[in-house]
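Structure at a glance
Here are the chains, one letter per residue:
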Protein chains: 2
Amino acid sequence: MKAYVYVTLKKTVLDPQGKTIQGALRKLGYKGVDDVRQGKFFEIMLDGGLDRTAAEAEIARIAREVLTNPVIEEFRYSLEE
Amino acid sequence: MKAYVYVTLKKTVLDPQGKTIQGALRKLGYKGVDDVRQGKFFEIMLDGGLDRTAAEAEIARIAREVLTNPVIEEFRYSLEE
């Protein structure tokens, strides 16, 4: 099973990296970009031995405890077979 | 309109950062993780003036020309209203 975990800065946290990309895009002449925010994601291959419920619980735990800084970041995840 | 661009290392490119995360998860006692690969993603808010076709073309162009290093990375994107 494969899981995707997406980690972003919370909406209330300033994202200077995203702002820099936005500014660069404007200078390079790309039109219509109002805002850019950058995040990271993780593709996690899970052991076939886990059932879906166990896999979901394990991924949520890994995302919350290891991959995300809860002070400034939030996460979402999805599972696929 | 909002666009998401996901950039990952090509499958054939080694991902030492992912491997480090995988090793750390194993040492921390998380079970069932066979592989981890890290990527980045961009949330791009687009000007409401663009129609869907124009927005899609612009996002594909930004992803290909600016956000991705074509030598080692690949991208996918999605649009939502």
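Here's what I pulled together on the structure shown here. (Residues numbered from 1 in each chain as written. Chains lettered and ligands numbered in written order. Predicted model: local features only at pLDDT ≥ 70, side-chain atom pairs only at ≥ 80, totals over all residues. Heavy atoms only, no water.)

**Quick look at the layout of surface pockets**
If you add up the space inside the largest pocket, you get close to 230 Å³. As for the largest pocket, its lining consists of 15 residues, of which Gln38 and Lys40 of chain A together with Gln38, Gly39 and Lys40 of chain B are closest to the centre. Counting only elements with at least two residues in the lining of the largest pocket, the list comes to strand E2 (33–46) of chain A together with strand E1 (2–9) and strand E2 (33–46) of chain B. Here the residues of the lining of the largest pocket sort into three nonpolar, seven polar and five charged. (1 Å grid on protein atoms, 1.4 Å probe; cavity = no way out; pocket = protein on both sides within 12 Å on 5 of 7 lines; lining within 4 Å. Points joined across faces, edges and corners; volume = space filled by probe spheres on them. Helix = DSSP H or I, 4+ residues; strand = E, 2+ residues; numbered from the N terminus. Nonpolar A, V, L, I, M, F, W, Y, C, P; charged D, E, K, R; others polar.)

**Details of the sheet that holds strand E1 (residues 2–9) of chain A**
The strand order E3(A)-E1(A)-E2(A)-E2(B)-E1(B)-E3(B) describes an open sheet built from six strands, whose pairing is antiparallel. Because the sheet does not close on itself, it has two edges, and the strands there are strand E3 (73–80) of chain A together with strand E3 (73–80) of chain B. Averaged over all neighbouring strand pairs, the angle between strand axes comes to 25°, with direction disregarded. Where E1 of chain B and E2 of chain B come together, seven bridges link them in antiparallel fashion. Following the sheet pairing, tyrosine 4 of chain B is matched in E2 of chain B by glutamate 43 of chain B. Its contacts with the sheet place helix H1 (residues 16–27) of chain A against E2 of chain A together with E2 of chain B, and it is angled at close to 125° to E2 of chain A. On top of the sheet, helix H2 (residues 52–67) of chain A reaches E1, E2 and E3 of chain A together with E2 of chain B; it is set at about 155° to E3 of chain A, its chief contact. (Pairing = 2+ DSSP bridges. Axes fitted to C-alpha atoms, helices over the stretch in contact; angles between N-to-C directions. Contact = heavy atoms within 4.5 Å.)

**Re the packing of aromatic side chains**
Applying the stated criterion to the full structure yields nine aromatic pairs over all chains. Ring centres of tyrosine 4 of chain B and tyrosine 6 of chain B lie 6.4 Å apart, and the angle between their planes is 15°; this geometry places the pair in the stacked category. You'll find tyrosine 4 of chain B and tyrosine 6 of chain B in the same group, each marked buried. Through pairs of rings, three or more aromatic residues link up here, namely Tyr4, Tyr6 and Phe41 of chain A together with Tyr4, Tyr6 and Phe41 of chain B. (Phe/Tyr/Trp six-rings, centres within 6.5 Å; stacked < 30°, edge-to-face > 60°. Buried < 20%, exposed > 50% of the residue type's maximum accessible area, 1.4 Å probe, protein only.)

**Things to note about the interface of chain B and chain A**
Each partner contributes residues to the interface: chain B has 34 residues there, and chain A has 34 residues. Counting the surface lost from both chain B and chain A, the interface buries some 2,900 Å², and carbon and sulfur atoms represent 59% of this. Sorting the residues of chain B by area buried against chain A places Tyr30, Phe41 and Glu43 of chain B first, and these three jointly supply 21% of that buried surface. At the boundary of chain B and chain A, one finds two salt bridges. (Buried area = accessible area lost by both parts, 1.4 Å probe. Salt bridge = Lys/Arg side-chain N within 4 Å of Asp/Glu carboxyl O.)

**So, the relation of the copies chain B and chain A**
Least-squares fitting of chain B to chain A yields an RMSD of 0.0 Å, with the transformation described by 0.0 Å of translation along the axis and a rotation of 180°. This pairing of chains is accounted for by a two-fold axis. Closest approach to the rotation axis within chain B is made by the C-alpha atom of lysine 40 of chain B, at a distance of 2.0 Å. In this assembly the copies share their binding face: 100% of the residues contributing to the interface of chain B also contribute to that of chain A. (Least-squares fit on C-alpha atoms with pLDDT ≥ 70 in both.)

**Quick notes on the pairing of E2 of chain B**
Along any regular strand the residues' side chains alternate between the sheet's two faces. The buried fraction of E2 of chain B amounts to 10 of the 14 residues, a majority that puts the element mostly inside the structure. By the bridge criterion, 13 bridges tie E2 of chain A to E2 of chain B in an arrangement that is antiparallel. Paired with methionine 45 of chain A across the strands is aspartate 35 of chain B, a residue of E2 of chain B.

**Quick look at the side chain of lysine 2 of chain A**
Residue and element names in this part refer to chain A. Of note, lysine 2 is situated in strand E1. Here the side chain of lysine 2 touches glutamate 43 through a polar contact of 3.4 Å, side chain to side chain. Dropping the residues within four chain positions of it, lysine 2 is found in contact with Glu43, Ile44, Met45, Ser78, Leu79 and Glu80. (Polar contact = N/O pair within 3.5 Å; in protein donor to acceptor, adjacent residues only side chain to side chain.)

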